[in-house]
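Analysis of the macromolecular model
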Amino acid sequence: MHPTDVSNPDYYHKVVDCQWACPAHTNVPEYIRLIAQGRYTDSYLLNRESNVFPGILGRTCDRPCEPACRRGRLEGEGPVAICRLKRVAADLRGDITDSLPKIPEKKNGKRVALIGAGPASLTVANDLMPLGYECVLYEKHGKLGGLMRTNIPAFRLPPAVLDEEIAMIMDMGVELHLNTPIESLKELLDDGGFDAVFVGTGAPRGKNLELPGRYDSDKIYIGIDWLESVAFEHLDSIEERVLVIGAGNTAMDCCRTSKRLGGTDVKVMARKPRDLFKASDWELEDAEGEEIEILENHSPVDFVVEDGVLKGMHFDIVEWHEGEDGRLASETLETIFLPCEAIILAIGQENAFPWIERGIGIDFNSWDMPIVDRTTHQSTRPGVFFGGDSAWGPENIIWAVEHGHQAAVSVHNHCQGVPLSERPPFGMNLVSQKMGMHEWSYSNDYDPENRTPMQYADLEERLKELNVEAELGYNLEETVREVQRCLNCDIQTDFTPVLCIECDACIDVCPLDCLTITDNGDEADLRGRLTAAAVNGDQDIYVSDALPQTKRVMVKDEDLCVHCGLCAERCPTAAWDMRRFELYIPYAGQPWPTTISTAPTTSL
């Protein structure tokens, strides 16, 4: 194998599994260390650089970082509660008014229209306003937030948290037009005087279930429309027996909301087995914790309505197996009837663009979705950009934020006459953490604690009202316990081959057998010859230059390493060092700095 190029930011970035998995690349280990020091405001500000909405996402993020967390691979202890620690920083931070980006009094003469006030559009405004742009935001509802407000219930996301973080962006001077749906993109483009337009309208149409009886009752609801009616207080009750069709996160919000509006017998009906549900595990657990029954392998057949009164539904009980084409196929075992008085359809969402005229330069694909470049977020009409759910369909908030960051880079390039393909590069810094002969500026002890469980408001009390937040958040003791579980994966083992004397001290002391000195070879061969075979092909192995004594190579399995630093402590020549990796993320008009601080990291 060729020697590993550790100058490429992607190499060490990929070792920080949580940050690599986060669409916005939030610096997870550092913000956890700041929480450990009680520096909640600093932690919040570090979060805000990349994810923009720490308080919102600390309650609602789909947590792609947590399945990637290295701690989750150790003895079934569970990943670090990254999302819930984000909430700790948000809840306990101080006033950050003076730390927010400063907005220039003199504008740069460029005007940008933002359609839809969801997380993607708000992120674009967050990134462009400090550069002197005039951002004009159009929202069809009377309140900001998009699907964050209309589809996430108050018991998961208190409106005060939503309002506060949106206000941080709007107070930059964004021009706002509420209750102003855009009904003609052509008219906006022709008459609005905008240099660029960003579309962040989400996926506002819930999928229907066209089965017999669908339109025979007014008690059959579309999930996202029903949640919107609840959010805007157009609806405040539901019947006692409720069936929620679907097994995604929206279905979980619908069933839990139903319990708070009068539903006493609420069931979630899923076509497939639990391991194929789209809902997150914690969403399922929270629903079941509120005494909601989740039924698998129930395929809807028809709605049973008698004289305009909804009586229930028929379901096929199915069994799944792999079909001849390799796809799952179902076999019906029996058909049953389940009574109910209301049904909520939460089987997915899709985009709707009746307000975008065809023939104005924006091409659509066979699914009636705009054709959008995955890197630049530009449509086939120059100057018109898409992000969030409106770009490629439903995702989660953190993806919408990252779309907003990338679209803002493109808008800035477009308005400044720079090719959209010229994306500012990522950068990195490595700083030694050595504080003494055997002392590091981070905690390298392994804490065997299991994941800290979340405490919830009393079940009876939280089911009485929609605005009682279900999760209480971590208290100080729980926070201290959880931050200690982080393995500091951004503190990298950095190797200098020319200093190695091949004494094998590092290999002897490594608790997980992730180091090997051996002859070089191709990757498959080398992975099999390590002290412990490197079986996870998704994680790179480090290969050094030829060592000075024998021309063998030092090989390290990054998948196993827990960043304990014992190799660096034991090495008599300092060939190994523990260095903090910091990823520099470029944003619109703000490439990473050329002058890099070498100050030591904060300690855990």
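Structure: above.
Small disclaimer: the values here were computed from a predicted structure and weren't measured. (Residues numbered from 1 in each chain as written. Predicted model: local features only at pLDDT ≥ 70, side-chain atom pairs only at ≥ 80, totals over all residues. Heavy atoms only, no water.)

**Some details on the overall build of the protein chain**
Summing up its helical and strand segments, the protein chain has 21 helices and 23 strands in all. In terms of C-alpha radius of gyration, the protein chain reaches 27 Å, essentially the compact-globule figure of 25 Å for 604 residues. On the principal axes, the C-alpha backbone points of the protein chain span a range of 90 × 65 × 50 Å. With 604 residues in all, the protein chain has 55% of them scored as buried. Considering only intrachain contacts with a sequence separation of at least 6, the fraction spanning at least 24 residues in the protein chain is 71%. (Helix = DSSP H or I, 4+ residues; strand = E, 2+ residues; numbered from the N terminus. Rg over C-alpha atoms; globule rule 2.2 N^0.38 Å. Buried < 20%, exposed > 50% of the residue type's maximum accessible area, 1.4 Å probe, protein only. Contact = heavy atoms within 4.5 Å.)

**As for helix α18 (residues 476-483)**
If you check which residues of α18 are buried, you get E478, T479, E482 and V483. Down the axis of α18, the buried set is contained in an arc of 125°. They therefore lie on one face. Along α18, exposed side chains directed more than 90 degrees from the buried face belong to L476 and E477. Buried residues in α18 make contact with α3 (28-36) and α7 (82-92). (Arc of directions from axis to C-beta.)

**Thoughts on the sheet that holds strand β23 (residues 576-584)**
The strands making up a sheet are joined through hydrogen bonds of the backbone, oriented either antiparallel or parallel. Strand order across the open sheet formed by three strands is β16-β23-β19, with antiparallel pairing between neighbours. The open sheet has two edge strands, β16 (427-432) and β19 (491-495), and neither has a second partner. Averaged over all neighbouring strand pairs, the angle between strand axes comes to 45°, with direction disregarded. Here six bridges tie β16 to β23, and the two strands are oriented antiparallel to one another. By the bridge assignment, N429 is partnered in β23 with E582. (Pairing = 2+ DSSP bridges. Axes fitted to C-alpha atoms, helices over the stretch in contact; angles between N-to-C directions.)

**A look at the pairing of strand β10 (residues 298-306)**
For β10 and strand β11 (residues 309-322), the ladder comprises eight bridges, and the chain directions are antiparallel. Note that in β11 the partner of V305 across the bridge is L310.

**Points about the side chain of T493**
Tracing the backbone shows T493 in strand β19. A polar contact is formed between the side chain of T493 and the side chain of K556, at a distance of 3.0 Å. (Polar contact = N/O pair within 3.5 Å; in protein donor to acceptor, adjacent residues only side chain to side chain.)

**A closer look at the packing of helix α8 (residues 119-128) against helix α10 (residues 159-170)**
The contact between α8 and α10 brings their axes to 9 Å, and the two run at 40°. Taken together, the axes of α8 and α10 are oblique relative to one another. Contacts between α8 and α10 pair L122, A125 and N126 from the former with I166, I169 and M170 from the latter. Looking at the contact of α8 with α10 residue by residue, the class counts come to five nonpolar, one polar and no charged. (Parallel < 35°, antiparallel > 145°, perpendicular 65-115°, else oblique. Nonpolar A, V, L, I, M, F, W, Y, C, P; charged D, E, K, R; others polar.)

**Some remarks on the pattern of salt bridges**
Two side chains bearing opposite charge may form a pair once their charged atoms approach each other closely. Under the definition given, this model contains 40 salt bridges. One salt bridge in this structure joins R93 and E164, with 2.9 Å as the shortest N-O distance. Residue R93 is found in the loop between α7 and β1 (111-115), and its partner E164 is found in helix α10; the two are separated by 71 residues along the sequence. Classification of R93 as buried rests on a relative accessible area of 17%. Where salt bridges share partners, they join R256, R260, D286, E290 and R462 into one cluster. (Salt bridge = Lys/Arg side-chain N within 4 Å of Asp/Glu carboxyl O.)

**Brief notes about the packing of α3 against α7**
For the pair α3 and α7, interaxial distance at closest approach is 10 Å and the crossing angle is 50°. Here α3 is positioned oblique relative to α7, judged by the angle of their axes. Note that α3 runs across α7; the crossing there is left-handed. When α3 is examined against α7, the residues V28, Y31, I32 and I35 are found in contact with a partner set consisting of I82, L85, K86, V88 and A89. Here the contact of α3 with α7 is built from residues that sort into eight nonpolar, no polar and one charged. (Left-handed = near helix turned anticlockwise from the far one by under 90°.)

**Structural notes on the sheet that holds strand β15 (residues 384-386)**
Taken in spatial order, the five strands make up an open sheet running β3-β2-β1-β4-β15, and their pairing is parallel. The open sheet has two free edges, formed respectively by β3 (175-177) and β15, since each of these has just one partner strand. Ignoring which end each strand starts from, the neighbouring axes of this sheet average 20° apart. The sheet contact formed by strand β2 (residues 134-138) and β3 spans three bridges and is parallel. Each bridged residue has a counterpart across the sheet, and for V136 the counterpart in β3 is E175. In the packing of α8 onto the sheet, contacts are made with β1, β2 and β4 (196-199), and the angle to β1 comes to roughly 160°.

**Regarding unusual backbone geometry**
With phi around 65°, E291 is a residue other than glycine that occupies positive phi space. One can find E291 in the loop between α14 (281-289) and β9 (293-295). Phi angles above zero are rare outside glycine, and N488 is one such case at about 55°. For N488, a relative accessible area of 1% gives the class buried.

**Thoughts on the nonpolar core**
Core analysis: the biggest nonpolar cluster contains 49 residues, and I32, I35, L85, F495, L515 and W576 have the highest contact counts within it. Examining the composition of this core, we find that five residues originate from one element, α3, more than from any other. Look past the residues within four positions of L85 in its chain and what remains in contact with it is Y31, I32, I35, V80, Y474, T479, E482 and V483. Counting residues in each nonpolar core, the second largest holds 45 residues, with A117, M129, L157 and I397 among its members. (Core = buried A, V, L, I, M, F, W, Y, C linked by side-chain atoms within 4.5 Å.)

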